[in-house]
Amino acid sequence: MLQLYKQKNFHLSSKLLEMLKDGGIKANFADLQVGNRGIYFLLPNAGVSKVMLYQAQIQEYLFHTKGEPLVHLCSCDESKKNFNHKDFLAIIKMDLRFFLGIYSHKIERKFFNDKPLRLCPQCSEILSHYQENLELFFKSAEKDYHLDFKD
Ligand SMILES: [Zn+2]
(Lines give C-alpha, C1' and ligand atoms only; values in the text may rest on other atoms or scores of the structure.)
Protein backbone atom coordinates (compact mmCIF):
# COMPACT_ATOMS: atom_id res chain seq x y z
CA MET A 1 0.00 0.00 0.00
CA LEU A 2 2.75 2.39 0.98
CA GLN A 3 4.62 1.34 -2.13
CA LEU A 4 1.66 2.27 -4.33
CA TYR A 5 1.33 5.59 -2.55
CA LYS A 6 5.01 6.33 -3.14
CA GLN A 7 4.72 5.41 -6.81
CA LYS A 8 1.73 7.70 -7.26
CA ASN A 9 3.56 10.59 -5.64
CA PHE A 10 6.58 9.94 -7.77
CA HIS A 11 4.44 9.98 -10.89
CA LEU A 12 2.61 13.16 -9.88
CA SER A 13 5.91 14.86 -9.06
CA SER A 14 7.42 14.15 -12.46
CA LYS A 15 4.17 15.32 -14.08
CA LEU A 16 4.34 18.60 -12.16
CA LEU A 17 7.99 19.08 -13.10
CA GLU A 18 7.03 18.55 -16.73
CA MET A 19 4.34 21.22 -16.42
CA LEU A 20 6.81 23.64 -14.84
CA LYS A 21 9.19 23.18 -17.75
CA ASP A 22 6.42 23.38 -20.30
CA GLY A 23 3.72 26.04 -19.87
CA GLY A 24 4.31 26.74 -16.21
CA ILE A 25 1.82 26.68 -13.33
CA LYS A 26 -0.25 29.69 -12.28
CA ALA A 27 1.23 31.15 -9.12
CA ASN A 28 -2.14 31.15 -7.34
CA PHE A 29 -2.40 27.37 -7.89
CA ALA A 30 1.18 26.68 -6.87
CA ASP A 31 2.25 26.45 -3.27
CA LEU A 32 5.41 28.53 -3.59
CA GLN A 33 7.88 29.40 -0.87
CA VAL A 34 9.96 32.50 -1.41
CA GLY A 35 13.41 32.35 0.13
CA ASN A 36 16.68 34.28 -0.04
CA ARG A 37 18.30 31.63 -2.25
CA GLY A 38 15.33 30.82 -4.49
CA ILE A 39 11.60 30.46 -5.07
CA TYR A 40 10.66 26.89 -4.24
CA PHE A 41 7.97 24.55 -5.48
CA LEU A 42 7.37 21.65 -3.12
CA LEU A 43 6.72 18.33 -4.83
CA PRO A 44 4.40 15.59 -3.50
CA ASN A 45 7.32 13.14 -3.28
CA ALA A 46 8.86 15.47 -0.67
CA GLY A 47 11.32 16.79 -3.26
CA VAL A 48 11.70 20.45 -4.02
CA SER A 49 12.35 22.38 -7.21
CA LYS A 50 13.35 25.97 -7.76
CA VAL A 51 11.16 27.95 -10.15
CA MET A 52 11.22 31.26 -11.95
CA LEU A 53 8.36 33.69 -11.37
CA TYR A 54 7.12 36.32 -13.82
CA GLN A 55 3.97 38.14 -14.84
CA ALA A 56 2.60 36.24 -17.85
CA GLN A 57 -0.49 38.39 -18.29
CA ILE A 58 -0.09 42.11 -18.32
CA GLN A 59 -2.42 45.03 -18.99
CA GLU A 60 -1.59 46.93 -22.15
CA TYR A 61 -1.18 50.30 -20.43
CA LEU A 62 1.28 48.81 -17.95
CA PHE A 63 3.18 47.11 -20.74
CA HIS A 64 3.54 50.50 -22.44
CA THR A 65 4.46 52.45 -19.32
CA LYS A 66 6.50 49.92 -17.32
CA GLY A 67 7.77 47.78 -20.19
CA GLU A 68 8.26 44.05 -20.33
CA PRO A 69 7.89 42.03 -17.14
CA LEU A 70 11.06 40.81 -15.43
CA VAL A 71 11.83 37.27 -14.35
CA HIS A 72 12.36 36.61 -10.65
CA LEU A 73 14.51 34.00 -8.96
CA CYS A 74 14.35 34.73 -5.24
CA SER A 75 12.86 36.98 -2.59
CA CYS A 76 12.96 40.44 -4.15
CA ASP A 77 10.22 42.99 -3.41
CA GLU A 78 8.25 41.99 -6.52
CA SER A 79 8.25 38.25 -5.90
CA LYS A 80 7.39 38.66 -2.22
CA LYS A 81 4.38 40.69 -3.29
CA ASN A 82 3.23 38.50 -6.21
CA PHE A 83 4.15 34.89 -5.44
CA ASN A 84 0.44 33.93 -5.31
CA HIS A 85 -0.93 36.38 -7.87
CA LYS A 86 -3.11 34.85 -10.62
CA ASP A 87 -1.33 36.70 -13.45
CA PHE A 88 2.06 35.30 -12.47
CA LEU A 89 3.49 31.96 -13.55
CA ALA A 90 5.86 29.60 -11.81
CA ILE A 91 8.01 28.14 -14.55
CA ILE A 92 11.43 26.75 -15.48
CA LYS A 93 12.77 28.12 -18.75
CA MET A 94 16.52 27.90 -19.06
CA ASP A 95 16.49 29.76 -22.38
CA LEU A 96 14.65 32.70 -20.74
CA ARG A 97 11.96 32.76 -23.45
CA PHE A 98 8.42 33.00 -22.18
CA PHE A 99 4.75 33.23 -23.01
CA LEU A 100 3.35 36.73 -22.59
CA GLY A 101 -0.27 37.86 -22.98
CA ILE A 102 -1.08 41.54 -23.38
CA TYR A 103 -4.55 42.49 -22.15
CA SER A 104 -6.82 45.43 -22.49
CA HIS A 105 -9.16 45.00 -19.52
CA LYS A 106 -10.34 41.39 -19.91
CA ILE A 107 -9.57 41.00 -23.61
CA GLU A 108 -6.33 39.53 -24.82
CA ARG A 109 -5.01 41.92 -27.47
CA LYS A 110 -1.84 40.16 -28.39
CA PHE A 111 0.42 37.41 -27.19
CA PHE A 112 3.95 36.17 -27.63
CA ASN A 113 4.90 32.51 -27.25
CA ASP A 114 8.61 32.88 -27.18
CA LYS A 115 9.43 36.27 -25.76
CA PRO A 116 12.94 36.75 -24.36
CA LEU A 117 12.60 38.40 -20.95
CA ARG A 118 15.32 39.81 -18.71
CA LEU A 119 16.06 38.75 -15.16
CA CYS A 120 15.09 41.20 -12.43
CA PRO A 121 18.30 43.06 -11.42
CA GLN A 122 17.70 42.43 -7.73
CA CYS A 123 17.22 38.68 -8.37
CA SER A 124 20.05 38.25 -10.85
CA GLU A 125 22.56 39.38 -8.20
CA ILE A 126 22.11 36.01 -6.53
CA LEU A 127 23.67 34.26 -9.54
CA SER A 128 27.08 35.56 -8.53
CA HIS A 129 26.97 32.82 -5.86
CA TYR A 130 26.43 30.22 -8.59
CA GLN A 131 29.18 31.21 -11.05
CA GLU A 132 26.51 33.19 -12.98
CA ASN A 133 25.16 29.79 -14.00
CA LEU A 134 21.37 29.25 -14.02
CA GLU A 135 21.72 25.46 -14.26
CA LEU A 136 23.84 25.42 -11.14
CA PHE A 137 21.36 27.70 -9.40
CA PHE A 138 18.52 25.26 -10.15
CA LYS A 139 20.54 22.19 -9.25
CA SER A 140 21.11 23.41 -5.71
CA ALA A 141 17.36 23.49 -4.93
CA GLU A 142 17.36 20.86 -2.16
CA LYS A 143 20.43 22.21 -0.41
CA ASP A 144 19.32 25.84 -0.66
CA TYR A 145 15.80 25.04 0.53
CA HIS A 146 17.31 23.61 3.70
CA LEU A 147 19.54 26.62 4.18
CA ASP A 148 16.59 29.00 3.67
CA PHE A 149 13.95 27.25 5.76
CA LYS A 150 15.27 24.36 7.83
CA ASP A 151 18.38 25.60 9.61
ZN1 LIG B 1 13.11 39.86 -8.61
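Since this is a predicted model, take the numbers as computed values, not measurements. (Residues numbered from 1 in each chain as written. Predicted model: local features only at pLDDT ≥ 70, side-chain atom pairs only at ≥ 80, totals over all residues.)

1. Observations concerning the environment of Gly-38
Inference 1: In this structure, Gly-38 sits in strand E3 (residues 38-42).
Inference 2: When the 26 C-beta atoms within 10 Å are taken as the criterion, Gly-38 is described as buried.
Inference 3: Separated by 99 residues in the primary sequence, Gly-38 and Phe-137 have C-alpha atoms spaced 8.4 Å apart.
Inference 4: Setting aside anything within four residues of it in sequence, one finds Gly-38 in contact with Lys-50, Leu-73, Cys-74, Ala-141 and Asp-144. (Helix = DSSP H or I, 4+ residues; strand = E, 2+ residues; numbered from the N terminus. Buried ≥ 20, exposed ≤ 12 C-beta atoms within 10 Å, placed from the backbone. Contact = placed C-beta atoms within 7 Å.)

2. Topic: the nonpolar core
Inference 1: Counting residues in hydrophobic clusters, the biggest one holds 28 residues, and the most contacted among them are Ala-27, Leu-32, Ile-39, Val-51, Leu-53, Tyr-54 and Ala-90.
Inference 2: Contributing elements (two or more residues each) for this core: E3, strand E4 (48-55), strand E6 (88-91) and strand E7 (97-104).
Inference 3: The contact partners of Val-51, leaving out residues within four places of it in the chain, are Leu-20, Leu-32, Ile-39, Phe-41, Ala-90, Ile-91 and Ile-92. (Core = buried A, V, L, I, M, F, W, Y, C linked by C-beta atoms within 7 Å.)

3. With respect to the pairing of E7
Inference 1: With 3 bridges connecting them, strand E5 (residues 57-59) and E7 associate as parallel partners. Its bridge partner lying in E7, Gln-57 is registered against Gly-101.
Inference 2: Across 7 bridges, E7 lies against strand E8 (residues 107-116) in antiparallel orientation. Note on E8: the bridge partner recorded for Phe-98 is Lys-115.
Inference 3: Taking the residues between adjacent antiparallel strands as the criterion, E7 and E8 are bridged by 2 residues, where His-105 takes a positive phi near 55°. (Pairing = 2+ DSSP bridges.)

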